Amino acid sequence: MTTPALLPLSGRRIPTLSPGASSFTHHRATLRLSEKFILLLILSAFITLCFGAFFFLPDNSKHKRFDLGLEDVLIPHIDSPKEGKHQGDDGVPAERGSVSTASSGICQEEQESLRDKIRADHERALQEAKEKLRKSREELQAEIQTEKNKVMEDLKKTNAGPKPLPPVPMPRVVGINDGEPPEPDVKEKRDKIREMMKHAWDSYRQYGWGYNELKPLAKKGHSTNIFGNSQLGATIVDALDTLYIMGLHEEFKDGQEWIEQNLDFSVNAEVSVFEVNIRFIGGLLAAYYLSGQEVFKLKAVQLAEKLLPAFNTPTGIPWAMVNLKSGVGRNWGWASAGSSILAEFGTLHMEFVHLTYLTGNPAYYQKVMHIRKLLAKMDRPNGLYPNYLNPRTGRWGQHHTSVGGLGDSFYEYLLKAWLMSDKTDTEARKTYDDAIEAIERHLIRKSNGGLTFIGEWKNGHLERKMGHLACFAGGMFALGADGSPDDKAGHYLQLGAEIAHTCHESYDRTVLKLGPEAFKFDSGLEAVAVRQNEKYYILRPEVIETYWYMWRFTHDPKYRQWGWEAAQAIDKYCRVSGGFSGVKDVYSSTPTYDDVQQSFFLAETLKYLYLLFSSDDLMPLESWVFNTEAHPLPVLHLGNITLPGSEPAQR
Ligand code: DMJ
């Protein structure tokens, strides 16, 4: 019989054995046909099983995922009834958000329309993705930027949305308009001042709009460290009330629009608390009181909230600078022993009292009253206030006292706190009187040539030098004359006149008829600058400010005359085609420019000049108190109203 060929069990051929005793003992090399058939059957059953398992396994995926390269598009997956697979059928509840025809009971028609919709969405998404892929990198970036801008705009709108402030009785706002001066020569001068304001504003509008200040020669925007690295439109805010008072209403509206749309204090900028308070909060509050436009009040309050973290010091004496975004504060690196500056932390009172008045928030009032109380408890060398106070230790720094820079407006605000309270804040008045008495005793002297000057006290020694900034004190003495103790009104009015005269001399003894930054009364020198770095004039207002107060209290025509001399000199030597610039040397007949149009030129210098040639009915001093940046705030006739927080001060 022929041996059936067995299928090889391996690839190895089984060797044929030599014939022997029994034919049954040798191995077969092939399988029988029936065996082969059985094996084939087993193999095909196994393949069928695997194949079936692949198709009949339950499908748990809820979404098909389409990776389009740019983004993942997730499309809800709907089982077709033909497929006969229903999520949830297996007793496992369908996931939230998944669409199951069985569990939701959606009818055939609905399913169809849903499927169409999904198909359409899917196609649209694919189309968009394709378009995106076709776009250049620049186009995509531009699109993203536009989206971002839109979000920012929406955010701004939400932030600037009117947060209602509690209603308070509006103080009496009187004398904000006047007619033309009846005397033609006065009218002509006043018109000239208005024209100068127009030139300063229009130039800034054209070349520096939105920046803090203007470079009138370079014809571009400018800023300084007092504003941090911000673009807060300082000139717009500082100039608003001058525009209003001068009747430049179109320009005022322009400024208001910019503020509404652009003034945003949520910026990462480290600003001077003092400068921002006197220029921005003062400027915004004055614009609010003059125009009644709520936006100015809201912006002032928004900014004030940003300044409050500056008071978070161990003593409550604020830092000189604060970051508007983070609220982190610090002091100027140059200030003696990490100190805060008297003229900075002492020049917040007027604005902060108004903020509490307008908002009902006691925090502002309490902060400034706390400073006052703390100072009242401190020993003062010779009755004088040193310019430096350490906010950590509460101790004085270097014993340097001045009525010019670093000290000036601290004294001014004591007097003005009293005036602004309708003369009810007698504590402020008493503090002012005591301070001025010590200043007169130690700092005010007559020069050999008979000029009254205010020197600076440095560690027990009087420096016979007066700064341009100290010239404001002539006006302060005149303003404080009425109400001074021991019937010394005449004395203080006279003192104001003497300071005005000295400061006028400092102008008159120069080539340009503009005053230097600082002048000496020493070694035969009388009201002249010695050092090169004290010979500049940067459009400062203090001398003209004093002329105006003296004019209001005496009506002596010399003050108008002196004011006009200064206005002409400014127009002649500081005016350039792109605005007004400071000059570096008032003793040189060929002026070199510093190329800065300071915001206070529009806020103060031009405003005081304009008022000097206006009637006393415009911004009457019985109703208005000018802050140190010449922003008028109304006298608060509080009567029976108690300011929130005026109970015992606390921090
Ligand atoms: C103004 O910003 C204010 O008057 C401040 O009090 C000191 N000086 C400048 C202008 O000179």
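How each quantity is defined
- Residues numbered from 1 in each chain as written.
- Predicted model: local features only at pLDDT ≥ 70, side-chain atom pairs only at ≥ 80, totals over all residues.
- Heavy atoms only, no water.
- UniProt positions renumbered as here; feature names shortened; annotations may be inferred.
- Axes fitted to C-alpha atoms, helices over the stretch in contact; angles between N-to-C directions.
- Helix = DSSP H or I, 4+ residues; strand = E, 2+ residues; numbered from the N terminus.
- Parallel < 35°, antiparallel > 145°, perpendicular 65-115°, else oblique.
- Left-handed = near helix turned anticlockwise from the far one by under 90°.
- Contact = heavy atoms within 4.5 Å.
- Nonpolar A, V, L, I, M, F, W, Y, C, P; charged D, E, K, R; others polar.
- 1 Å grid on protein atoms, 1.4 Å probe; cavity = no way out; pocket = protein on both sides within 12 Å on 5 of 7 lines; lining within 4 Å.
- Points joined across faces, edges and corners; volume = space filled by probe spheres on them.
- Salt bridge = Lys/Arg side-chain N within 4 Å of Asp/Glu carboxyl O.
- Buried < 20%, exposed > 50% of the residue type's maximum accessible area, 1.4 Å probe, protein only.
- Core = buried A, V, L, I, M, F, W, Y, C linked by side-chain atoms within 4.5 Å.
- Pairing = 2+ DSSP bridges.
- Near = heavy atom within 4 Å.
- Polar contact = N/O pair within 3.5 Å; in protein donor to acceptor, adjacent residues only side chain to side chain.
- Areas by Shrake-Rupley, 256 points an atom, 1.4 Å probe, with all protein chains shown as cover.
- Disulfide = S-S within 2.5 Å.

In the nomenclature of an unreviewed UniProt entry, the chain corresponds to alpha-1,2-Mannosidase from the organism Mastacembelus armatus. Turning to the chain, the UniProt record has this under Subcellular location (unreviewed entry): "Endomembrane system". Comment text from UniProt for the chain, heading Pathway (unreviewed entry), reads "Protein modification; protein glycosylation."

Closest axis-to-axis distance for the helix H14 (residues 426–442)/helix H15 (residues 472–481) pair is 12 Å, and the angle between their directions is 130°. As judged from the angle between their axes, H14 and H15 are oblique. Here the hand of the crossing between H14 and H15 comes out left-handed. On the side of H14, the interface is formed by Arg429, Tyr432 and Ile436, while H15 contributes Met476, Phe477 and Gly480. In terms of residue class, the contact of H14 with H15 is made up of 4 nonpolar, 1 polar and 1 charged.

Another aspect to go through is the layout of surface pockets. Its volume calculated, the largest pocket comes out at about 1,200 Å³. Lining the largest pocket we find 45 residues, and of these Gly405, Leu406, Leu469, Glu517 and Arg540 sit closest to its centre. If you list the elements that add at least two residues to the lining of the largest pocket, you get helix H8 (273–291), helix H10 (342–345), helix H13 (408–420), strand S13 (456–458), strand S15 (465–467), helix H17 (542–554) and helix H19 (599–612). Sorting elements by how many residues they give to the lining of the largest pocket places H8 first, with 4 residues.

With that out of the way, let us pick up the pattern of salt bridges. Summed over the entire model, instances satisfying the criterion amount to 37 salt bridges. In this structure, the salt-bridge partner of Lys192 is Asp571, at a minimum N-O distance of 2.9 Å. Taken together, the residues span a long stretch of sequence, with Lys192 in helix H5 (residues 184–208) and Asp571 in helix H18 (residues 557–574) at a distance of 379 residues. On the basis of relative accessible area, Lys192 is assigned to the partly exposed category, the value being 26%. Overall, Asp571 belongs to the buried group, its relative accessible area being 19%. One salt-bridge network, held together by shared partners, links Lys192, Glu195, Asp571 and Arg575.

Let us now look at empty space enclosed by the protein. Applying the stated rule across the entire model yields 6 cavities of 30 Å³ or more. By volume, the largest cavity is sized at about 160 Å³. Gly346, His349, Val368, Arg372 and Leu414 are the residues nearest the centre of the largest cavity, which is lined by 13 residues in total. Put simply, the parts of the chain that give the lining of the largest cavity at least two residues each are helix H12 (362–377) and H13. Class assignment for the residues of the lining of the largest cavity results in 9 nonpolar, 3 polar and 1 charged.

Ile193, Leu375, Met466, Phe477, Leu514 and Ile570 are the most contacted members of the largest nonpolar core, which totals 169 residues. Those residues in contact with Phe477 that sit more than four places away from it in its chain are Tyr432, Ile436, Ile444, Ile454, Tyr492, Leu495, Gly496 and Ile499.

Here we take up the sheet that holds strand S6 (residues 321–323). The strand order across the open sheet formed by 3 strands is S5-S6-S7, and the pairing between neighbours is antiparallel. Across the chains shown, the open sheet's two edge strands, defined by having one partner strand only, are strand S5 (270–272) and strand S7 (329–330). Where S5 and S6 come together, 3 bridges link them in antiparallel fashion. Bridging from a neighbouring strand, Glu270 pairs with Asn323 of S6.

In the vicinity of the ligand, the contacting residues are Ile278, Arg279, Leu469, Arg540, Pro541, Glu542, Phe600, Glu604, Thr628 and Glu629. In this structure, an oxygen atom belonging to the ligand sits 2.6 Å away from a side-chain N or O atom of Glu542. Here Thr628 contributes a backbone N or O atom positioned 2.8 Å from an oxygen atom of the ligand. Against a free-state accessible area of 290 Å², the protein chains account for coverage of 92% of the ligand. Those elements that provide at least two residues to the shell around the ligand are H8 and H19.

All right, on to the state of the cysteines then. Tallied over the entire structure, the rule returns 1 disulfide. The partner cysteine of Cys471 in its disulfide is Cys503, sulfur to sulfur 2.0 Å. Note on the Cys471 and Cys503 pair: the S-S dihedral is about -95°, so by sign convention the disulfide is left-handed. Pair noted here: Cys471 is in the loop between S15 and H15 and Cys503 is in helix H16 (residues 489–508), with a separation of 32 residues, a long-range link. With relative accessibility at 1%, the residue Cys471 sits in the buried group.

Moving on, we get to the UniProt feature "active site" (unreviewed entry) in the chain. Within this structure's numbering, the places UniProt gives as "active site" (unreviewed entry) are Glu275, Asp408, Glu517 and Glu542. Among the residues just listed, Glu275, Asp408, Glu517 and Glu542 line the largest pocket. Those residues in contact with Glu275 that lie beyond four places of it in its chain are Ile226 and Phe280. Contacts of Asp408, omitting those with residues within four sequence positions, involve Ala343, Ser402, Val403, Leu469 and Phe472.

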